[in-house]
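# Reading the structure
Single-letter residue listing:
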Amino acid sequence: MHKTSPEVGGMGHSIKRKEDLRFIQGRGNYVDDVNLPGMVYGHLVRSPYAHARLVSVNTEKAKKLPGVLAVITGEDLAKAGLAWMPTLSGDKQMVLATGKVLFQSQEVAFVVAEDRYTAADAAELVEVEYEELPVLVDPRKALEPSAPVLRDDREQKNNHIFHWEVGDKSGTEGVFKSAPVKARLDAFFQRCHPAPLETCGCVADFNRATGRLTVYMTSQAPHVHRTLFALVGGIPENNIRVVSPDIGGGFGNKVPIYPGYVCAVVASLTTGIPVKWIETRSENLMSTGFARDYHMTAEIAAEKDGTMKALRVKTLADHGAFNAAAQPTKFPAGLFSICTGNYDFQKAFCEVDGAYTNKAPGGIAYRCSFRVTEASYLIERVVDVLAQELKMDPAELRRKNFVQPDKFPYKSPLGWTYDSGNYEPNLKKALDKIGYAALRKEQEEKRKKGALMGIGISTFVEIVGAGPAHTFDIAGIKMFDSAEIRIHPTGKAICRMGTKSQGQGHETTYAQIVAQELGIPAADVTVEEGDTDTAPYGLGTYASRSTPTSGAATAVAARKILAKAKKIAAFLLEASEEDLEWEPGKFYVKGAPQKAKTIQDIAFAAYTNIPPGLEAGLEAVDYYDPPNLTFPFGAYIAVVDIDKGTGEVKVRRFVAVDDCGNIINPMIVEGQIHGGLTEGLAIAFMQQIDYDENGNVQGGTFMDYLLPTAVETPNWETDKTTTPSPHHPFGAKGVGESPNVGSPAAFVNAVVDALSHLGVKHIDMPITPWKVWNILNEKGIAG
Amino acid sequence: MANKQLVKVTINGRHREAAVEPRLLLVHFIRESLALTGTHVGCDTSNCGACTVILNGKTVKSCTMFAVQADGGDITTVEGLIKDGGQLHPLQEGFRQEHGLQCGFCTPGMLMSSLVLLRKNPNPSEEDIRWGISGNLCRCTGYQNIVKAVQYAAKKMSEAKTQGGSNA
Amino acid sequence: MIPPAFEYLRPSTIPEAIALLQQHGDEAKILSGGQSLIPMMKLRLARPAYLIDINRISGIAYIKEEGGFLKIGGLTREAEIEASPIVHSKYPLLMDTARVIADPQVRNMATVGGNLAHGDPANDHPATMIALGAQVVATGAKGERTIPIEDFFVSLFTTALQADEILTGIRIPIPPAKSGGAYFKLERKVGDFATAAVAVQLTLDGAGAIQKIGIALTNVGATPIKARKAEDSLRGKKPDAAAIAQAAQLAANEAQPSSDLRGPEQYKRGLVKELTRRAMVRALERAAN
């Protein structure tokens with residue numbers, strides 16, 4: 001790969017972000033900043049009960065409040081066939097409740113009023129009568145034969161959603177039967193929530209005069225949302241424009257279509273006026289796409305020397321009241337079968353069952369590429385359990401079982417072909433950076449004095465960049481992605497992609513790809529995303545897929561442009577194409593470097609001096625079908641100290657060595673790692689969306705769903721190794737989710753390691769101070 | 001509709017006024033009555049700090065005040081940071097140089113808190129900075145680069161002072 | 001998120017404010033810092049028809065030593081306490097406390113008066129003021145009266161303030177030489193209420209024994225708790241490790257915590273014990289200096 005100058009800013013340059021300029025001046029354009037003439041406001045009425053028959057909804061008082069334009073109920077929507085909508089998992093979900101409500105805060109009615117405040121007042125005046133029904137919040141209980149059936153809309157009268165399995169069941173059993181060592185872990189990955197700082201919302205604007213519906217939306221996948229609005233709403237797709245403006249964080253939360261969006265669209269369609277709906281934080285936490293809620297069991301069959309032979313995994317997935325998981329169609333448990341991790345298991349078997357409960361519907365992929373966090377957490381924890389059983393150093397056990405470099409592309413026993421990996425040097429780098437040997441010595445000394453410190457390792461492999469058309473689709477749409485590049489006569493460029501940044505810096509990184517491929521300075525390349533009228537069709541940004549798919553499309557489109565540019569250059573230089581050499585920014589004649597044409601010269605010629613036989617212009621579009629997923633990986637090590645008096649765990653150090661192949665912008669990658677590790681820290685120690693036995697949400701506001709501040713967050717030490725993806729146009733893999741995927745296990749492993757000499761084998765997250773203190777207290781060493 | 005009251009403020013150096021319901025939150029007054037949308041709403045329990053503005057020299061959560069309380073007050077929002085002539089404030093420069101933002105949603109509030117922090121403590125330690133922004137949540141950056149951004153600005157502002165320049 | 005409508009009143013003097021309180025009775029609420037009240041109004045848990053904004057009344061925000069007391073006006077902001085040189089040098093318990101209330105922005109608005117008058121056992125000043133042996137100054141239609149802090153917190157969200165009274169000040173006896181104090185708060189994160197917190201204020205005599213002691217507990221009961229048995233166990237004694245440990249255990253026994261999202265009852269008791277010990281050690285260090 002050519003190296004570009006800092007002025008051009010291609011691959012590997014930490015150029016400053018172009019999008020920053022508007023954000024630091026408070027000139028971002030988030031959905032709630034969109035204000036259209038005559039715009040009115042929507043507010044949802046929500047159920048206080050987790051499971052109840054909807055006896056009546058009386059909107060008379062609310063309608064009479066001055067300033068109220070309409071109050072829409074489930075009955076109203078049912079008349080238009082819109083009371084239910086399809087989910088991204090092949091299930092359906094109520095838009096506004098009819099018949100019954102199935103989770104606390106479920107949407108029951110939609111008030112439309114002149115302003116936000118009136119809408120809120122009117123919502124209180126909607127009178128809803130409920131008849132409470134027995135509540136199910138435990139998915140295990142939900143699957144018992146005597147459990148009440150939550151979904152009477154389904155043919156199948158039980159709470160079982162799906163059973164999914166992969167791998168060699170009998171072969172795996174066989175290995176287990178004869179294995180001398182077995183380790184087992186039951187682990188619960190708690191329900192948590194992406195909680196981006198900006199909540200979900202939209203402005204739906206149906207223009208009666210033109211027949212066009214424009215929806216400004218917090219959408220990570222604007223084109224898919226447009227198609228779904230067309231299919232479900234019966235509006236011609238050419239009359240729908242979805243615009244994702246600036247988005248204040250997504251993390252997966254903004255992939256599904258929520259009832260609020262649909263209600264706003266319906267309200268605008270019926271009134272012909274723009275309708276804004278912005279949810280509050282409590283609504284966001286209590287009703288939108290949650291993550292995880294996986295009850296998992298993993299077993300490893302191994303030899304006495306630590307060689308791991310087989311893995312067996314059984315999981316119960318709690319999807320809440322509707323299976324609204326945003327998942328590729330063929331994978332009801334996402335890419336959970338990556339759970340063999342970086343290890344060379346001979347045999348493996350994995351099964352997942354999904355259940356309905358009276359909780360918010362979902363779950364989405366929260367910065368985890370479809371359940372990879374769950375999988376990674378599980379394998380990294382059970383490997384530590386095995387290490388503890390064998391009294392083997394956890395780094396040593398991992399090293400012993402890594403897939404070796406010569407095995408790539410590596411076919412895992414659960415069906416994935418890992419593109420490339422080199423796990424040992426990556427782990428070694430992390431161990432050296434943290435000073436592992438010295439830390440183990442320190443731990444020994446400290447234990448003698450009764451002090452508690454722990455070291456936790458997590459070596460993970462991610463599976464991102466969904467995905468190849470032969471296997472991957474969402475709601476039937478194949479998971480390619482796209483890029484369109486157009487070069488102007490003066491050599492500047494505009495590009496549009498089918499992805500949608502929510503803070504990942506695409507306006508900068510995609511420009512850098514173009515800079516790399518064509519030598520046009522990144523500063524001269526404008527990148528746009530999110531407007532379905534102008535951007536080529538794409539599946540959006542989540543699952544760390546942008547660089548692997550749209551990034552690839554950008555490179556391929558740029559190469560198509562380069563091929564045409566070469567023809568133009570040959571024409572201008574009166575040489576044959578074979579005699580031309582390329583360096584970023586120009587073609588020159590072999591052996592005569594002074595005979596050169598810059599890309600800017602070529603761009604100008606494309607409009608003013610077009611070679612005969614060629615079309616004018618210099619542009620290309622590419623729809624990229626990735627040949628495979630990509631498999632970034634990493635080694636994370638956490639060092640913790642435990643305060644015996646309070647149970648608090650302090651993260652002393654955290655080293656993260658990531659390998660995401662070739663890097664576009666190191667500064668941006670580092671920022672992603674910092675952010676993801678902070679989310680992992682929060683999940684490991686602070687966060688849970690829980691429900692009491694009546695289905696009341698515990699942790700439905702930021703008072704109790706805790707986000708770490710700058711005080712709780714440690715400094716993260718980052719480093720890298722580079723193992724390019726052999727199938728990606730520029731060897732990149734994607735990295736946004738790695739830190740959220742790999743870190744929870746590192747934190748938990750560290751705490752368990754701190755307490756392992758006391759016989760502790762596992763602690764479920766969140767590892768709160770009181771959980772730790774309870775353990776210490778039981779062992780008589782608290783204080 | 002409830003009785004409206006006239007609220008007059010000086011905001012980013014300009015005199016503005018509007019007649020509002022007493023219950024109108026200051027953040028809505030700023031965002032909607034005054035059409036300054038740089039200040040954001042991120043929660044409903046006064047936890048996130050995205051709504052932070054400077055009122056009479058002190059940072060406040062504008063979602064936890066009524067506009068009527070700010071009557072007669074002097075408000076600075078993120079839009080007021082940039083100097084006449086379009087020059088970025090050292091803090092804005094710092095956030096850009098040090099990659100102290102990703103989605104940008106918390107950034108206005110962070111800038112306000114950082115600005116007041118640096119006014120009170122022109123040479124803050126890392127710990128001072130982390131405590132100083134402890135009322136502002138960020139989901140994207142993990143705070144590390146925000147700390148660096150503030151340190152960048154502190155350095156720049158003290159250099160400007162010794163050179164006799166002006167700092168905000 | 002959106003509070004219900006109310007009528008906004010902005011008196012310029014205390015007597016005006018009191019008259020408004022009398023006029024509107026329990027339909028009215030005093031708006032001081034608003035950092036507890038406004039969030040409750042946004043959740044529609046509080047729905048006063050009248051808000052009496054006392055923020056423009058002059059003469060009730062001050063920090064000064066006078067007549068044997070540290071006098072703090074009810075409208076004094078937490079940030080002012082945090083920044084006060086007097087508090088910093090002579091009232092470390094109070095400084096510790098102000099620093100851990102909520103976060104910087106909230107501290108710019110939140111007032112000491114509000115923190116006490118709200119009657120929330122989760123607030124930090126109540127225990128601290130109990131440990132300091134403070135007096136509340138309440139001004140009502142009948143004039144001014146002082147209420148010993150021990151009598152001030154009646155039950156959950158209920159104080160000894162009458163319907164027409166405003167908490168206009170707090171008076172803390174100036175501690176003699178060889179005094180020290182400390183506040184230890186365990187919170188799940190910065191900005192949270194205490195999972196448990198302990199305030200200790202003590203004075204040593206010439207021989208190094210405890211002459212005066214106040215120990216009080218935050219958020220482990222329906223009101224802040226004065227740990228009398230713990231105090232009694234230490235009075236007159238030399239505070240060695242054993243005495244401290246015993247007092248810590250007694251304080252833990254006197255706590256009445258409930259299990260909630262911050263932790264189970266047993267944990268909170270354990271915390272009270274641990275935090276009492278730490279607060280005692282720190283208070284003694286400060287008394288020695």
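Throughout, residues of each chain are indexed from 1 in the direction in which the sequence is written. Chain A is the first chain written and ligand 1 is the first ligand written, with later ones labelled in order. Note on the predicted model: pLDDT of at least 70 is required for a residue's local features to be given, and 80 or more for side-chain atom pairs to be given and counted; whole-chain, interface and lining totals, by contrast, use all residues.

### Details of the overall build of chain C
- Helix and strand counts for chain C stand at 11 helices and 14 strands.
- Radius of gyration: over C-alpha atoms. The globule rule applied is 2.2 Å multiplied by the number of residues raised to the 0.38 power. Relative to the 2.2 N^0.38 estimate, which gives 19 Å for 289 residues, the radius of gyration of chain C is 19 Å and therefore close to what a compact globule would have.
- Taken along its principal axes, the extent of the C-alpha atoms in chain C is 60 × 45 × 30 Å.
- Counting all 289 residues of chain C, 58% fall into the buried class.
- Contact definition: two residues whose C-beta atoms, as placed from backbone geometry, lie within 7 Å. Relative to all contacts within chain C whose residues are 6 or more apart in sequence, the contacts with residues 24 or more apart total 64%. Helix numbers and strand numbers start at the N terminus; a helix is a DSSP run of H or I with at least 4 residues, a strand a run of E with at least 2. Once C-beta atoms are placed from the backbone, each residue is buried if 20 or more other C-beta atoms lie within 10 Å of its own, exposed if 12 or fewer, and partly exposed for counts between those two.

### Examining the interface of chain A and chain B
- Of the residues lining the interface, 41 residues belong to chain A; the matching set on chain B comes to 41 residues.
- Listed by contribution, the elements that provide at least two residues to the side of chain A that touches chain B are α1 (20-23), α9 (281-287) and α17 (666-685) of chain A.
- Among the elements that make up the side of chain A that touches chain B, the one with the highest residue count is α17(A) (six residues).
- Residues that form the side of chain A that touches chain B fall into these classes: 16 nonpolar, 18 polar and seven charged. Throughout, the ten residues Ala, Val, Leu, Ile, Met, Phe, Trp, Tyr, Cys and Pro are labelled nonpolar, Asp, Glu, Lys and Arg are labelled charged, and all others, Gly among them, are labelled polar.

### Focus on helix α11 (residues 394-401) of chain A
Residue and element names in this part refer to chain A.
- Those residues of α11 that fall on the buried side of the exposure criterion are P394, A395, L397, R398 and N401. Looking straight down α11, one finds its buried side chains confined to an arc of 165 degrees; they lie on one side.
- In this structure, the buried residues of α11 make contact with β16 (308-318), α10 (372-390), α12 (423-434), α13 (436-448) and β20 (452-461). Relevant arc is that of directions from the helix axis to the C-beta atoms, nothing else.

### Let's talk about unusual backbone geometry
Residue and element names in this part refer to chain A.
- A cis geometry characterises the amide bond from A466 onward to G467, with omega recorded as -25 degrees.
- Checked against the element boundaries, G467 lands in the loop between β20 and β21 (473-474).
- A cis amide bond links M765 to the next residue, P766, at an omega of -10 degrees.
- Mapping P766 onto the fold places it in the loop between α18 (738-755) and α19 (769-778).

### Overview of the domain arrangement of chain A
- Where each domain starts and ends comes from a domain assignment, either automatic or drawn from a database. What the domain assignment reports for chain A is domain 1 (20-27 + 481-624), domain 2 (34-133 + 198-248 + 254-287) and domain 3 (294-466 + 628-778).
- Each of domain 1 of chain A and domain 2 of chain A was reduced to a C-alpha centroid, and the two centroids are 40 Å apart.

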